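Structural characterization, general
Listed below, chain by chain, are the residues.
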Amino acid sequence: MKTLTLILTFSIISVFSQATLLLTDPPQPNESFKPNLTQHQQNAGCSYTVTIRTSCSSPSYTRDRISLSFGDAYGYQVYVPRLDDPSSRTFERCSTDTFQINGPCTYQICYLYLYRSGYDGWIPESVTVSGYNSQPVTFYYNAFIPAGIWFGFDYCRGYLPSTAAM
Ligand SMILES: *[C@@H]1O[C@H](CO)[C@@H](O)[C@H](O)[C@H]1NC(C)=O
Ligand SMILES: *[C@@H]1O[C@H](CO)[C@@H](O)[C@H](O)[C@H]1NC(C)=O
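Residue numbers restart at each chain and count upward from 1, following the sequence in its written direction. Whichever chain is written first becomes A and whichever ligand is written first becomes 1, with later ones labelled in order. Local features in this predicted model are restricted to residues whose pLDDT is 70 or higher, and side-chain atom pairs enter the listing and the counts only when it is 80 or higher, whereas totals over whole chains, interfaces and linings include all residues. Note: side-chain values were computed over all heavy atoms of the structure, leaving out hydrogens and water.

Some details on the sheet that holds strand β3 (residues 65–71)
- In this description, strands pair whenever DSSP reports at least two bridges between them. Secondary structure is summarised from DSSP: a helix means a run of H or I of at least four residues, a strand means a run of E of at least two, and numbering begins at the N terminus for each. The sheet built from five strands is open, its strands ordered β1-β9-β6-β3-β4 with antiparallel pairing. A single partner strand is all that each edge strand has here, and the edge strands are β1 (28–29) and β4 (77–80).

Let's talk about the state of the cysteines
- By definition, disulfides here are pairs of cysteine sulfur atoms that lie within 2.5 Å. Scanning all chains against the criterion turns up three disulfides.
- For Cys-56, the disulfide goes to Cys-94, at an S-S distance of 2.1 Å. Here Cys-56, found in the loop between β2 (46–54) and β3, pairs with Cys-94, found in the loop between β4 and β5 (96–103); they are 38 residues apart in sequence, far enough to count as distant.
- What makes Cys-94 partly exposed here is its relative accessible area of 36%.
- Looking at the protein chain, its bonded cysteines, counted consecutively from the start of the sequence, adopt the pairing 1-4, 2-3, 5-6. Buried means the residue's accessible area, taken with a 1.4 Å probe over protein chains only, is under 20% of the maximum for its type, while exposed means over 50%, and partly exposed covers the values in between.

Side note on the packing of aromatic side chains
- Put simply, two rings from Phe, Tyr or Trp (the six-membered ring, in Trp's case) pair if the centres are within 6.5 Å, and we call them stacked under 30 degrees between planes, edge-to-face over 60, tilted for the rest. The final tally for this structure, using the stated rule, is 16 aromatic pairs.
- Judged by centre distance (5.3 Å) and plane angle (75°), the ring pair of Tyr-74 and Tyr-107 falls under edge-to-face. Of this pair, Tyr-74 sits in the loop between β3 and β4 while Tyr-107 sits in the loop between β5 and β6 (111–117), placing them 33 residues apart in sequence.
- Taking relative accessible area as the criterion, Tyr-74 reaches 60% and is therefore assigned exposed.
- Judged by relative accessible area, which is 47%, Tyr-107 ranks as partly exposed.
- With a centroid separation of 5.6 Å and an interplanar angle of 35°, the aromatic rings of Phe-139 and Phe-153 are classed as tilted. Within this pair, whereas Phe-139 is found in strand β8 (residues 137–140), its partner Phe-153 is found in strand β9 (residues 151–154), the two being separated by 14 residues in sequence. Each member of the pair, Phe-139 together with Phe-153, is buried.
- Among the aromatic side chains, those forming a connected cluster through ring pairs are Phe-33, Tyr-79, Tyr-111, Tyr-113, Tyr-115 and Trp-150.

Okay, here's the thing in structure tokens:
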């Protein structure tokens, strides 16, 4: 009986903690988000791998300008003013683009935003970031990125997404 109670309690806890991960939450626009330009210019001591899958419902490719920013709960932030390559087709429908990015060292990455400007449009499926001090995190978009606003996720005040939830 005790074991059963324990098992029940455990499964209630795991259901609850899964709910608080909010991994199924859709991405949101964030009007108050601004990348920290001071920090961007200061240090680039760590390297990150960013893997972006573009949805099969996205336009065949995009010429839009795409910026990216992510960071931890302690104020360390990576900002990439331009991810797209103006000289070639990027973010083609159904494709995966991988970027090596240098930036300030962060602890566990818990927020990520994309910014788009242009007229082609773009629907990323997911963005995965891995770095030295941070477990890989995948942010599931599956959404059209609106133009002119930082659009993404902030889990920093809740439980962090972990590899277990990927
Ligand atoms: C928007 O970004 C600000 C600044 O990073 C952050 O403090 C805030 O929690 C974010 N809002 C939401 C709804 O995630
Ligand atoms: C931007 O980064 C710098 C250097 O890390 C920090 O001192 C400053 O407080 C940050 N500014 C904001 C608005 O977070």
